[in-house]
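Residues per chain, in single letters:
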Amino acid sequence: MFFAINYMLSVVIPVYNVSNFIDNCIQSILKQTFTEFEIILVNDGSTDDSFSKCKEYEKKYSFIKLYDKVNGGVSSARNIGLRYVSGEYVTFMDSDDEIKSDAFAILMKNIKEHDAEVCASIVIERDKKPIFISNIKKKIINGEEAINNIAINNFPISLWLYVYKRELLSGILLNEKIHHLEDLEFQLRVLKRANKIVINNHAINIYNNRDGSANNSGFNKKVASALQIINIVELMKKNNEITSNQMNLIIMRVVLTIASFLIKFNSYEKEYIKIITRMSRKIFLKIIFSRVDIRKKLYLFSLSINFKVTRNLYKLIRIEI
């Protein structure tokens, strides 16, 4: 007779050409002090030996499941993983990152002690130093507060910084047409459902910023796909799912992200410059009194005037968008 195993936590990991990293990633999970988990590996058409390495782990450990698919991007891989999770809670990892041995124990303790639907980590470790992503001091917030802070870039959006109650994700998948800031769009739809989000302020994730990552690959159509978020948040506002202020701040975040990529990588794509200039002019007066870094307002104002002005300003003032 077959008995299904019910895991407390499902860990979804998209895998694409990370042969030099995947062992460290999986090994860091195997060292967890919390052991009630399963690992869902989704190979997204790797052309190196990532798949064969994952296959060896699947053979060795019954709680590791491997799925193979043609290359379609990280969102499509995560969506496949979400179809097969069996845990009461779900988290994600990037296949080139690692976590500390007490990571799952800390996250699940937070979830259980506060009976929360979500645990969000607001600090990561990079080069052995903690980096705070938010200055929120509260231990518990609700979905509205989370979205307010995401809109002003004061709250994490990366999926690997979250643990979700699986039922909160019911009916929600990542948008496979968006290849940059896809986490942001996903969080907007998920977190607005949450009544209780517990904050973890202990560094549990070890972030590796490798050369081939999206943030280091230059401006391209995948980065430009983030502009689709503008239409999505406008529709959310129309359906009263977010406020006008939240919509305008999120549009600003998308616009400044695209602008920063264009400037950083010396791209002059007239089609996209025209879009972000038009949107800057549309929203600037609506967010001028919002709780946003004055330098970002300055960027937005300069962009509404002329892209070349913004490019020159960027050389003088560089901030994290």
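Residues numbered from 1 in each chain as written. Predicted model: local features only at pLDDT ≥ 70, side-chain atom pairs only at ≥ 80, totals over all residues. Heavy atoms only, no water.

Student: Let's hear about the overall build of the chain: which residues, and what values?
Tutor: Counting its secondary structure elements, the chain contains 12 helices and 12 strands. Computed over C-alpha atoms, the radius of gyration of the chain comes to 20 Å, within 12% of the 20 Å expected from 2.2 N^0.38 for 321 residues, which places it in the range of a compact globule. The buried share among the 321 residues of the chain stands at 54%. For the chain, the exposed area adds up to about 15500 Å²; of that, 50% sits on carbon and sulfur atoms. (Helix = DSSP H or I, 4+ residues; strand = E, 2+ residues; numbered from the N terminus. Rg over C-alpha atoms; globule rule 2.2 N^0.38 Å. Buried < 20%, exposed > 50% of the residue type's maximum accessible area, 1.4 Å probe, protein only. Areas by Shrake-Rupley, 256 points an atom, 1.4 Å probe, with all protein chains shown as cover.)

Student: Tell me about the packing of aromatic side chains, and please be specific about residues and values.
Tutor: One pass over the structure, following the stated rule, counts 13 aromatic pairs. Relative to Phe63, the ring of Phe37 lies with its centre 5.5 Å away and its plane at 80 degrees, an arrangement referred to as edge-to-face. With a gap of 26 residues between them, Phe37 in strand β2 (residues 37-44) and Phe63 in the loop between α2 (50-60) and β3 (64-69) connect regions that are remote in the sequence. A relative accessible area of 4% places Phe37 in the buried class. Seen in terms of ring centroids, Phe155 and Tyr162 are 6.4 Å apart; in terms of plane orientation they differ by 75 degrees. Their pairing is edge-to-face. Judged by relative accessible area, Phe155 falls into the buried class, the value being 1%. Of the residues examined, Tyr162 reaches a relative accessible area of 1% and is grouped as buried. Through a chain of ring-to-ring contacts, three or more aromatic side chains come together here, namely Phe92, Phe155, Tyr162, Tyr164 and Phe186. (Phe/Tyr/Trp six-rings, centres within 6.5 Å; stacked < 30°, edge-to-face > 60°.)

Student: Describe a nonpolar patch on the surface, listing the residues and the values that go with them.
Tutor: Taken together, the side chains of Leu298, Phe301, Ile305 and Val309 make up a nonpolar region of the molecular surface, amounting to roughly 330 Å² of accessible area. Per element, the largest residue contribution to the nonpolar patch is 3 residues, and it comes from helix α11 (residues 294-305). Along the chain, Val309 turns up in helix α12 (residues 307-316). (Patch = residues over 30% accessible without salt bridge, like charges linked within 9 Å, V, L, I, M, F, W, Y side chains within 5 Å. Salt bridge = Lys/Arg side-chain N within 4 Å of Asp/Glu carboxyl O.)

Student: Please give an account of empty space enclosed by the protein that cites residues and values.
Tutor: Summed over all chains, the structure comprises 3 cavities of 30 Å³ or more. Looking at the largest cavity, its volume works out to about 60 Å³. Thr91, Phe92, Met93, Ile99, Phe104, Leu107, Ser121, Trp160, Leu161, Tyr162, Ile204 and Asn205 are the residues that line the largest cavity. Only β4 (89-92) and α4 (103-114) provide two or more residues apiece to the lining of the largest cavity. (1 Å grid on protein atoms, 1.4 Å probe; cavity = no way out; pocket = protein on both sides within 12 Å on 5 of 7 lines; lining within 4 Å. Points joined across faces, edges and corners; volume = space filled by probe spheres on them.)

Student: Describe the nonpolar core, listing the residues and the values that go with them.
Tutor: One broad rule of soluble globular proteins: the nonpolar side chains tend to lie buried together. In this structure, Phe155, Tyr162, Tyr164, Leu184, Ile197, Ile258 and Ile276 are the most contacted members of the largest nonpolar core, which totals 79 residues. Here this core gets 13 residues from one element, more than from any other, and that element is helix α9 (residues 244-264). Val11, Met93, Ile111 and Cys119 belong to the second largest nonpolar core, which has 32 residues in total. (Core = buried A, V, L, I, M, F, W, Y, C linked by side-chain atoms within 4.5 Å.)

Student: So what about the pattern of salt bridges? Which residues, and what values?
Tutor: Tallied over the full model, the rule gives 16 salt bridges. Residues Lys59 and Glu56 are paired through a salt bridge, measuring 3.8 Å at the closest nitrogen-oxygen approach. With Lys59 and Glu56 both in helix α2, this residue pair falls 3 residues apart, about one helical turn. Residue Arg189 pairs with Glu185 through a salt bridge whose shortest N-O separation is 2.8 Å. In this pair, Arg189 and Glu185 both sit in helix α6 (residues 182-191), 4 residues apart, roughly one turn of the helix. The buried category is assigned to Glu185, whose relative accessible area is 4%.

Student: Can you explain the sheet that holds strand β9 (residues 140-141)? Please cite residues and give values.
Tutor: Overall, mixed pairing links the 8 strands, which are arranged β3-β2-β1-β4-β10-β6-β11-β9 in an open sheet. Unpaired on one side and paired on the other, β3 and β9 mark the two borders of the sheet. For strand β1 (residues 9-15) and β4, the ladder comprises 4 bridges, and the chain directions are parallel. Looking at β4, one finds that Ser10 is bridged to Val90. In this fold α2 packs onto β1, β2 and β3, with an angle of close to 150 degrees to the strand it touches most, β3. Here helix α3 (residues 74-84) sits on the sheet in contact with β1, β2, β3 and β4, set at roughly 140 degrees to β2. (Pairing = 2+ DSSP bridges. Contact = heavy atoms within 4.5 Å. Axes fitted to C-alpha atoms, helices over the stretch in contact; angles between N-to-C directions.)

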